[in-house]
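# Report on the structure
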Amino acid sequence: MNLRNCPQCGKLFVYNIRNLCPECIKKDEKDFGCVRDYLYNHPRATIEEISEETGVSYKNVLEYLKQGRLMLRKNNTNILLSCEHCGEPILSGRLCEKCGNKLKRSMTSQNKSMFIDKDRKGKIHLSKLSRDERRR
Ligand SMILES: [Zn+2]
Ligand SMILES: [Zn+2]
């Protein structure tokens, strides 16, 4: 068993893809739901406002956006996300559509069994995993 300390609450847990203990995952889902609902009802809210109203930290709200779990409305000019590659304004995730597609294309032309992964430092690196391992 792969036991780790939860980075949120410090409790020991069996490692999973989210790298959070089950309780923190539950809390995270709830927080995410609050943020999503708030943003739905207040499409022009700023991150500060969302954080204040939902009690979810600024960092987490930003993380939801960067993970692509939350999507900004096109008319939200109060939250600015930009492509990490070219700096174009984007509504969700880390890359604009153009850079995302370019990256995907270069990935698939290189090697189909490679996939993209981000390590803790936020650097992009490639890991080779067999298809079976990936499906798990
Ligand atoms: Zn935890
Ligand atoms: Zn871009």
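Before reading further, recall that the structure is shown in the block above.
We now turn to the structure provided with this report. Residue indices follow the written sequence of each chain, beginning from 1 at its first position. Each chain gets a letter, beginning with A, and each ligand a number, beginning with 1, in the order they are written. In keeping with the model being predicted, local features are shown solely for residues with a pLDDT of at least 70 and side-chain atom pairs are shown and tallied solely at 80 or more, while totals for entire chains, interfaces and linings include all residues.

### So, the overall build of the protein chain
Scanning the protein chain from N- to C-terminus turns up five helices and six strands. Helix numbers and strand numbers start at the N terminus; a helix is a DSSP run of H or I with at least 4 residues, a strand a run of E with at least 2. Listing the helices and strands of the protein chain from first to last along the sequence gives β-β-α-α-α-β-β-α-β-β-α. Any residue surrounded by 20 or more other C-beta atoms within 10 Å of its C-beta is treated as buried, while 12 or fewer makes it exposed and the intermediate range makes it partly exposed; C-beta atoms here are placed from the backbone. In the protein chain, which comprises 136 residues, the proportion classed as buried is 13%. It is the C-beta atoms, placed from the backbone, that decide contacts: two residues are in contact if theirs lie within 7 Å. Across the protein chain, contacts joining residues at least 24 apart in sequence account for 21% of those joining residues at least 6 apart.

### A word on helix α3 (residues 58-66)
Within α3, burial applies to Val61, Tyr64 and Leu65. Buried residues of α3, viewed axially, fall in a sector of 100 degrees; they line one side. Buried-residue contacts for α3 involve α1 (22-41), α2 (47-54) and β3 (81-82). Downstream of α3 by one or two residues, glycine 68 has phi in the positive range, about 80 degrees. Directions pointing from the helix axis toward each C-beta atom define the arc.

### Focus: the nonpolar core
For this analysis, nonpolar core means a set of buried Ala, Val, Leu, Ile, Met, Phe, Trp, Tyr and Cys residues linked through C-beta atoms within 7 Å. Ranked by internal contacts, the top residues of the largest apolar core, which has 15 residues, are Val35, Ile50 and Val61. Elements represented by at least two residues in this core include exactly α1, α2 and α3. Here this core takes three residues from α3, the largest share from any one element. The contacts of isoleucine 50, once residues within four sequence positions are left out, are Val35, Tyr38, Leu39, Ala45 and Val61.

Coordinates in, geometry out; function isn't part of it.
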